[in-house]
Amino acid sequence: MNFRTSLAMACGLMTALAAQAAPDADAAQALMRKSDCFKCHAVDKKKDGPPFKEVAKKYKGKAEAEDKLVKHITTSPTVEIDGKKEEHRAIKTKDAGEIKNVVQWILSL
Ligand code: HEC
(Lines give C-alpha, C1' and ligand atoms only; values in the text may rest on other atoms or scores of the structure.)
Protein backbone atom coordinates (compact mmCIF):
# COMPACT_ATOMS: atom_id res chain seq x y z
CA MET A 1 0.00 0.00 0.00
CA ASN A 2 1.43 3.37 -0.96
CA PHE A 3 1.29 6.58 1.02
CA ARG A 4 -1.64 7.99 -0.95
CA THR A 5 -3.91 5.01 -0.29
CA SER A 6 -3.07 4.86 3.39
CA LEU A 7 -3.77 8.56 3.69
CA ALA A 8 -7.12 8.10 1.98
CA MET A 9 -7.95 5.22 4.30
CA ALA A 10 -7.00 7.24 7.37
CA CYS A 11 -9.32 10.02 6.24
CA GLY A 12 -12.14 7.57 5.70
CA LEU A 13 -11.63 6.16 9.16
CA MET A 14 -11.68 9.60 10.73
CA THR A 15 -14.93 10.44 8.97
CA ALA A 16 -16.45 7.21 10.26
CA LEU A 17 -15.30 7.97 13.81
CA ALA A 18 -16.62 11.52 13.63
CA ALA A 19 -20.00 10.24 12.45
CA GLN A 20 -20.13 7.85 15.37
CA ALA A 21 -19.19 10.58 17.83
CA ALA A 22 -22.01 12.84 16.74
CA PRO A 23 -25.46 11.50 17.56
CA ASP A 24 -28.47 12.90 15.71
CA ALA A 25 -29.84 15.29 18.34
CA ASP A 26 -33.04 16.09 16.44
CA ALA A 27 -33.96 12.45 15.96
CA ALA A 28 -33.16 11.67 19.60
CA GLN A 29 -35.33 14.47 20.91
CA ALA A 30 -38.20 13.72 18.54
CA LEU A 31 -38.29 10.11 19.69
CA MET A 32 -38.05 11.15 23.33
CA ARG A 33 -40.87 13.65 22.90
CA LYS A 34 -42.97 10.86 21.44
CA SER A 35 -42.06 8.65 24.41
CA ASP A 36 -42.99 11.33 27.02
CA CYS A 37 -39.44 11.40 28.42
CA PHE A 38 -39.53 15.19 28.81
CA LYS A 39 -42.50 14.90 31.17
CA CYS A 40 -39.99 13.92 33.87
CA HIS A 41 -36.66 15.01 32.40
CA ALA A 42 -35.13 18.18 31.01
CA VAL A 43 -31.62 18.72 29.68
CA ASP A 44 -30.41 20.88 32.55
CA LYS A 45 -33.30 21.25 34.97
CA LYS A 46 -34.39 18.82 37.66
CA LYS A 47 -37.94 17.53 37.26
CA ASP A 48 -39.18 14.19 38.64
CA GLY A 49 -36.14 12.61 37.02
CA PRO A 50 -32.54 13.85 36.95
CA PRO A 51 -31.49 16.38 34.27
CA PHE A 52 -29.83 14.61 31.34
CA LYS A 53 -26.71 16.72 31.77
CA GLU A 54 -26.34 15.24 35.24
CA VAL A 55 -26.77 11.73 33.85
CA ALA A 56 -24.06 12.46 31.28
CA LYS A 57 -21.75 13.70 34.04
CA LYS A 58 -22.43 10.66 36.21
CA TYR A 59 -21.51 8.28 33.40
CA LYS A 60 -18.69 10.26 31.85
CA GLY A 61 -15.73 8.02 31.04
CA LYS A 62 -17.49 4.85 32.17
CA ALA A 63 -17.16 2.04 29.68
CA GLU A 64 -20.48 0.43 30.60
CA ALA A 65 -22.47 3.69 30.34
CA GLU A 66 -24.09 2.97 27.01
CA ASP A 67 -25.19 -0.57 27.91
CA LYS A 68 -26.54 0.55 31.27
CA LEU A 69 -28.60 3.36 29.82
CA VAL A 70 -29.93 1.23 26.95
CA LYS A 71 -31.09 -1.21 29.60
CA HIS A 72 -32.57 1.57 31.73
CA ILE A 73 -34.75 2.91 28.91
CA THR A 74 -35.82 -0.46 27.48
CA THR A 75 -36.53 -2.71 30.49
CA SER A 76 -38.77 -0.46 32.63
CA PRO A 77 -36.86 -0.74 35.92
CA THR A 78 -38.64 0.39 39.10
CA VAL A 79 -37.83 3.98 40.07
CA GLU A 80 -39.03 6.05 42.98
CA ILE A 81 -40.86 9.33 42.42
CA ASP A 82 -41.82 11.24 45.55
CA GLY A 83 -41.52 8.05 47.58
CA LYS A 84 -43.82 6.20 45.20
CA LYS A 85 -42.51 3.24 43.24
CA GLU A 86 -43.20 3.38 39.54
CA GLU A 87 -42.12 1.58 36.41
CA HIS A 88 -39.73 3.73 34.44
CA ARG A 89 -41.03 4.67 30.99
CA ALA A 90 -39.60 2.65 28.10
CA ILE A 91 -38.59 4.30 24.85
CA LYS A 92 -41.18 3.87 22.08
CA THR A 93 -39.13 1.99 19.52
CA LYS A 94 -37.64 -1.45 19.00
CA ASP A 95 -34.95 -0.14 16.68
CA ALA A 96 -31.56 -0.71 18.31
CA GLY A 97 -29.97 2.07 16.26
CA GLU A 98 -32.58 4.62 17.38
CA ILE A 99 -32.20 3.56 21.02
CA LYS A 100 -28.44 3.85 20.77
CA ASN A 101 -28.79 7.31 19.23
CA VAL A 102 -30.91 8.49 22.19
CA VAL A 103 -28.41 7.12 24.70
CA GLN A 104 -25.45 8.63 22.85
CA TRP A 105 -27.22 11.98 22.69
CA ILE A 106 -27.85 11.94 26.46
CA LEU A 107 -24.22 10.99 27.12
CA SER A 108 -23.02 13.79 24.81
CA LEU A 109 -24.69 16.54 26.87
C1 HEC B 1 -42.65 9.31 35.26
C2 HEC B 1 -41.39 10.05 35.19
C3 HEC B 1 -40.34 9.60 34.20
C4 HEC B 1 -40.48 9.43 32.82
C5 HEC B 1 -41.73 9.60 31.99
C6 HEC B 1 -39.16 9.09 32.34
N7 HEC B 1 -38.25 9.05 33.36
FE8 HEC B 1 -36.25 8.70 33.21
N9 HEC B 1 -36.08 8.73 35.21
C10 HEC B 1 -37.08 9.05 36.11
C11 HEC B 1 -36.57 8.98 37.47
C12 HEC B 1 -37.35 9.25 38.76
C13 HEC B 1 -35.21 8.60 37.36
C14 HEC B 1 -34.19 8.38 38.49
C15 HEC B 1 -34.10 6.90 38.75
C16 HEC B 1 -33.08 6.58 39.81
O17 HEC B 1 -32.08 7.28 39.91
O18 HEC B 1 -33.31 5.59 40.50
C19 HEC B 1 -34.93 8.48 35.93
C20 HEC B 1 -33.69 8.17 35.41
C21 HEC B 1 -33.37 8.21 34.07
C22 HEC B 1 -32.05 8.05 33.53
C23 HEC B 1 -30.77 7.87 34.34
C24 HEC B 1 -30.55 6.42 34.67
C25 HEC B 1 -29.30 6.21 35.46
O26 HEC B 1 -28.83 5.06 35.47
O27 HEC B 1 -28.77 7.15 36.06
C28 HEC B 1 -32.15 8.13 32.17
C29 HEC B 1 -31.05 8.04 31.15
C30 HEC B 1 -33.56 8.30 31.88
N31 HEC B 1 -34.27 8.35 33.05
C32 HEC B 1 -34.06 8.40 30.59
C33 HEC B 1 -35.41 8.48 30.29
C34 HEC B 1 -35.94 8.36 28.96
C35 HEC B 1 -35.12 8.18 27.70
C36 HEC B 1 -37.30 8.46 29.09
C37 HEC B 1 -38.35 8.31 27.99
C38 HEC B 1 -38.41 7.01 27.34
C39 HEC B 1 -37.60 8.65 30.49
N40 HEC B 1 -36.43 8.66 31.18
C41 HEC B 1 -38.89 8.84 31.01
C42 HEC B 1 -38.39 9.39 35.79
C43 HEC B 1 -38.93 9.35 34.52
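Just above, that's the structure.
Residues numbered from 1 in each chain as written. Predicted model: local features only at pLDDT ≥ 70, side-chain atom pairs only at ≥ 80, totals over all residues. Heavy atoms only, no water.

(A) Highlighting the coordination of the iron atom of the ligand. Taken together, the protein ligands of the iron atom of the ligand are H41 (NE2) and H88 (NE2), with distances of 1.9 Å. With six donor atoms in place around the iron atom of the ligand and angles of 85 to 180° between them, the coordination shape is octahedral. Highlighted residues: H41 in the loop between helix 2 (25–34) and helix 3 (52–59) and H88 in the loop between strand 2 (84–87) and helix 5 (96–107), separated in sequence by 47 residues. Looking at H88, the relative accessible area reads 16%, which means it is buried. (Donors = N, O, S within 2.8 Å, 3.2 Å for Na, K, Ca; no water. Tetrahedral: all angles 85-135°; square planar, octahedral: opposite > 155°, others 65-115°. Helix = DSSP H or I, 4+ residues; strand = E, 2+ residues; numbered from the N terminus. Buried < 20%, exposed > 50% of the residue type's maximum accessible area, 1.4 Å probe, protein only.)

(B) Quick look at the packing of aromatic side chains. Per the counting criterion, the structure on display carries one aromatic pair. Seen from their ring centres, F38 and F52 are 6.3 Å apart, and the 75° between their planes marks the pair as edge-to-face. A residue pair is termed long-range when its members are at least 10 positions apart, and F38 in the loop between helix 2 and helix 3 and F52 in helix 3 qualify at 14 residues. Judged by relative accessible area, which is 22%, F38 ranks as partly exposed. (Phe/Tyr/Trp six-rings, centres within 6.5 Å; stacked < 30°, edge-to-face > 60°.)

(C) Broad picture of the nonpolar core. If you look at the biggest cluster of nonpolar residues, it comprises 16 residues, and the most contacted ones within it are M32, I91, V102 and I106. For this core, the secondary structure elements donating two or more residues are helix 2, helix 3, helix 4 (65–74) and helix 5. The element contributing the most residues to this core is helix 5, with five residues. Non-local contacts of I106, meaning those with residues more than four positions away in its chain, are made with M32, F52, V55 and A56. (Core = buried A, V, L, I, M, F, W, Y, C linked by side-chain atoms within 4.5 Å. Contact = heavy atoms within 4.5 Å.)

(D) Looking closely at unusual backbone geometry. Here S76, not a glycine, exhibits a phi torsion of approximately 50°, which is positive. Inspection of the secondary structure puts S76 in the loop between helix 4 and strand 1 (78–81). Residue S76 is classed as partly exposed on the basis of its relative accessible area of 24%. Of note, D82 is a non-glycine position whose phi angle comes to about 50°, a positive value.

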